[in-house]
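# Architecture and fold: a report
Listed here are the chains, written in short residue letters.
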Amino acid sequence: MSLIVGLTGGIGSGKTTVAGLFAELGAAIVDTDAIAHELTSARGAAMPAIVGAFGGAVLREDGSLDRARMRRLCFSDPAARKSLEAILHPLIRGESVARCRRADYAPYVLLVVPLLIESGAYREHVGRILLVDCDEARQIARVMARSALSEQEVREIIAAQASRAERLAAADDVLSNTGAPGELPMGVLALHRRYLELARRANDPGPA
Ligand code: ATP
């Protein structure tokens, strides 16, 4: 795979929405959040280690991870957060890299990593960083409209993530998602054309 674009942005910024538009244009999507969900589903590969570390109290009835409970635990106990990350992060990274390698049917891969700027672990895997940019008020409104999280909980998640300025400083490309959803496809198409060209150049060694 010649080009991997890391797609990032704060909670509720619109990463999934934007990734869907790129997928319609033919990009391969590897979504670390989706991989995390798979790993923590009832028979997910991370579950034996998670139960070993935290006990059965973090399970839902169906045997999957109780994500709301785990989130609360991690916010109140940094050591719990560290041990969860020590279990999940290497598994997510390994699976992401494997899926990017397998995506050779597409001209380029969009690797969706919410904490790309914060973790640093994915930087070496991506050729460039695309930021879905959105202001905090819209992030809060969108997340609250879609989930049972309170405004305070969303604010805490935002405070634990990189700031908007830090993300903007690290990004190669920025897609603004402060307008209506209907405004996104034009910007996505322009970026898609740029990535096709970059992928083509990466695959073309040029004159000998
Ligand atoms: P998360 O980090 O929580 O996974 P995300 O960055 O993937 O979120 P989305 O799931 O794409 O963000 O969007 C969050 C919510 O906001 C969704 O319900 C989505 O439909 C909505 N949304 C996305 N873009 C817009 C927009 N431009 N206007 C209004 N609502 C939007």
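Residues numbered from 1 in each chain as written. Predicted model: local features only at pLDDT ≥ 70, side-chain atom pairs only at ≥ 80, totals over all residues. Heavy atoms only, no water.

## Re the sheet that holds strand β3 (residues 109-112)
Short version of the rule: For two strands to be treated as a pair, DSSP must find at least two bridges joining them. Secondary structure elements follow DSSP: runs of H or I of four or more residues count as helices, runs of E of two or more count as strands, with numbering from the N terminus. To get an axis, fit a line to the C-alpha atoms, keeping to the stretch in contact for a helix; angles then go from 0 to 180 degrees between the N-to-C directions.
Within the open sheet, the 5 strands sit side by side as β2-β3-β1-β4-β5. Their pairing is parallel. At either end of the open sheet lies a strand with only one pairing partner, and these are β2 (28-31) and β5 (173-176). Here the strands of the sheet are splayed against their neighbours by 25 degrees on average, with no regard to which way each runs. Pairing between strand β4 (residues 128-133) and β5: 4 bridges, direction parallel.

## Remarks on a positive patch on the surface
Rule in force here: For patch detection, residues must exceed 30% relative accessible area and be free of salt bridges, and they are connected within 9 Å for like charges or within 5 Å for nonpolar side chains (Val, Leu, Ile, Met, Phe, Trp, Tyr). Computed with a 1.4 Å probe, the accessible areas rest on the Shrake-Rupley method; for each residue, only the protein chains presented here act as cover. When a carboxyl oxygen of Asp or Glu is within 4 Å of a side-chain nitrogen of Lys or Arg, the pair counts as a salt bridge. Residues counted as positive are Lys and Arg, residues counted as negative are Asp and Glu, and His and the chain ends are not counted. For the purpose of locating charges, the reference atoms are NZ of Lys, CZ of Arg, CG of Asp and CD of Glu.
On the surface, a cluster of positive charge is contributed by R67, R69, R71 and R72. Counting through the fold element by element, R71 comes out in helix α4 (residues 67-76).

## Details of helix α3 (residues 47-54)
Rules: Burial classes: relative accessible area under 20% of the type maximum marks a residue as buried, over 50% as exposed, and values in between as partly exposed (1.4 Å probe, protein chains only). The arc in question is traced by the directions running from the helix axis to the C-beta atoms. In this description, contact between two residues means that some pair of their heavy atoms is separated by no more than 4.5 Å.
Among all positions in α3, only M47, I50 and F54 are buried. Seen along its axis, α3 keeps its buried residues to an arc of 60 degrees; they face one direction. Seen from the buried face of α3, the exposed residues on the opposite side, beyond 90 degrees, are P48 and G52. Buried residues in α3 make contact with α2 (32-39), α4 and α5 (78-102). One or two positions beyond α3, positive phi appears at G55, with a value near 85 degrees.

## With respect to the site of the ligand
Applicable threshold: Residue proximity to a molecule or strand is established when one non-hydrogen atom of the residue lies within 4 Å of it. Definition of a polar contact: a pair of N or O atoms within 3.5 Å, with one able to donate and the other able to accept a hydrogen when the atoms are protein atoms, and with sequence-neighbouring residues admitted only if both atoms are side-chain atoms.
Near the ligand, the surroundings consist of 15 residues, among which K15, T16, T17, R146 and N177 are the closest. Within the side chain of K15, a nitrogen or oxygen atom sits 2.6 Å from an oxygen atom of the ligand. Note that a nitrogen atom of the ligand is positioned 3.5 Å from one of the backbone N or O atoms of P181. Every element with two or more residues in the shell around the ligand is listed here: α1 (15-25) and α7 (136-146). Ranked by residues supplied to the shell around the ligand, first place goes to α1 with 3 residues.

## Focus on the packing of α3 against α5
Definition in use: Working rule for angles: under 35 degrees goes down as roughly parallel, over 145 as roughly antiparallel, 65 to 115 as roughly perpendicular, anything else as oblique. Each crossing is labelled by how the near helix is turned from the far one, with a counterclockwise turn of less than a right angle marking it left-handed and a clockwise turn marking it right-handed.
Following both chains from N to C, one finds α3 and α5 inclined at 160 degrees, their axes separated by 10 Å at the closest point. Classified by the interaxial angle, the pair formed by α3 and α5 is roughly antiparallel. The handedness of the crossing between α3 and α5 comes out as right-handed. Facing A49, I50, A53 and F54 of α3, the residues of α5 in contact are A80, S83, L84 and I87.

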